[in-house]
Amino acid sequence: MFPNFVRHWRFTVKSWLFLGIAIVAEVVATSGLKASEGFTRLWPSLLVIGGYAVAFYFLSITLKEIPVGLAYAIWAGLGIVLVAFIGWLIYGQTLDAASVIGMALIISGVVVINVFSKSVAH
């Protein structure tokens, strides 16, 4: 029933940790974009540049073991949800019912593709 799902867990804990670091770094960098005010403020701009550098470095290491389709789907799905949450928490942006449902559908889609699909290269 879950052949693809079971295969995902064969990847090392280190690879999943590196993917987690990549996701957190990307979320920090993306969240800092607003504070950088179009790269006109030095420290937030450096945070954005450094965050993306760390994110792409750790994602590239992750891709040595975890397939790109799986890694990117997890990165994108969690990134959307986490950036929306930070926008709500720090910047006071609103999340209405439609946005919450949409994010739930995105996460559900990532799970369905990666657990049940045979078209994602593993």
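Residues numbered from 1 in each chain as written. Predicted model: local features only at pLDDT ≥ 70, side-chain atom pairs only at ≥ 80, totals over all residues. Heavy atoms only, no water.

As a further point, take helix α5 (residues 97-116). Counted at 1.5 Å a residue, the expected span for α5 with its 20 residues is 28 Å, and the 28 Å between its end C-alpha atoms agrees. Listed as buried for α5 are M103, V110, N114 and V115. Seen along its axis, α5 keeps its buried residues to an arc of 115 degrees; they face one direction. Exposed positions of α5 whose direction lies more than 90 degrees from the buried face are A97, A98, I101 and L105. (Helix = DSSP H or I, 4+ residues; strand = E, 2+ residues; numbered from the N terminus. Expected span 1.5 Å × (residues − 1). Buried < 20%, exposed > 50% of the residue type's maximum accessible area, 1.4 Å probe, protein only. Arc of directions from axis to C-beta.)

Because each turn of an α-helix spans 3.6 residues, side chains separated by three or four positions end up pointing in the same direction. Between its first and last C-alpha atoms helix α2 (residues 13-36) spans 34 Å; for 24 residues at 1.5 Å apiece the expected length is 34 Å, and the two agree. Those residues of α2 lying buried are S15, F18, L19, A22, I23, A25, E26, V27, A29, S31, G32 and S36. In this fold, the buried residues of α2 make contact with α3 (42-62) and α4 (68-91). E37 occupies a position one or two residues after α2 and carries a positive phi of about 50 degrees. (Contact = heavy atoms within 4.5 Å.)

Across the protein, the average pLDDT comes to 87, with 89% of residues at or above 70. Ranking the elements of the protein by mean pLDDT puts helix α1 (residues 3-8) last, at 50, and α3 first, at 97. (pLDDT = per-residue confidence, 0-100.)

A few words on a nonpolar patch on the surface. A surface patch of nonpolar side chains, about 660 Å² in accessible area, is lined by F85, W88, L89, I90, Y91, L95 and V100. Per element, the largest residue contribution to the nonpolar patch is 5 residues, and it comes from α4. According to the relative accessible area criterion, L89 is exposed, its value standing at 53%. (Patch = residues over 30% accessible without salt bridge, like charges linked within 9 Å, V, L, I, M, F, W, Y side chains within 5 Å. Areas by Shrake-Rupley, 256 points an atom, 1.4 Å probe, with all protein chains shown as cover. Salt bridge = Lys/Arg side-chain N within 4 Å of Asp/Glu carboxyl O.)

Here the focus is the packing of α2 against α3. Packing of α2 against α3 leaves a shortest axis separation of 7 Å and a crossing angle of 160 degrees. The pairing of α2 with α3 is recorded here as roughly antiparallel in orientation. Note on packing geometry: the crossing formed by α2 with α3 is left-handed. Counted by class, the contact of α2 with α3 contains 18 nonpolar, 7 polar and 1 charged residues. (Axes fitted to C-alpha atoms, helices over the stretch in contact; angles between N-to-C directions. Parallel < 35°, antiparallel > 145°, perpendicular 65-115°, else oblique. Left-handed = near helix turned anticlockwise from the far one by under 90°. Nonpolar A, V, L, I, M, F, W, Y, C, P; charged D, E, K, R; others polar.)

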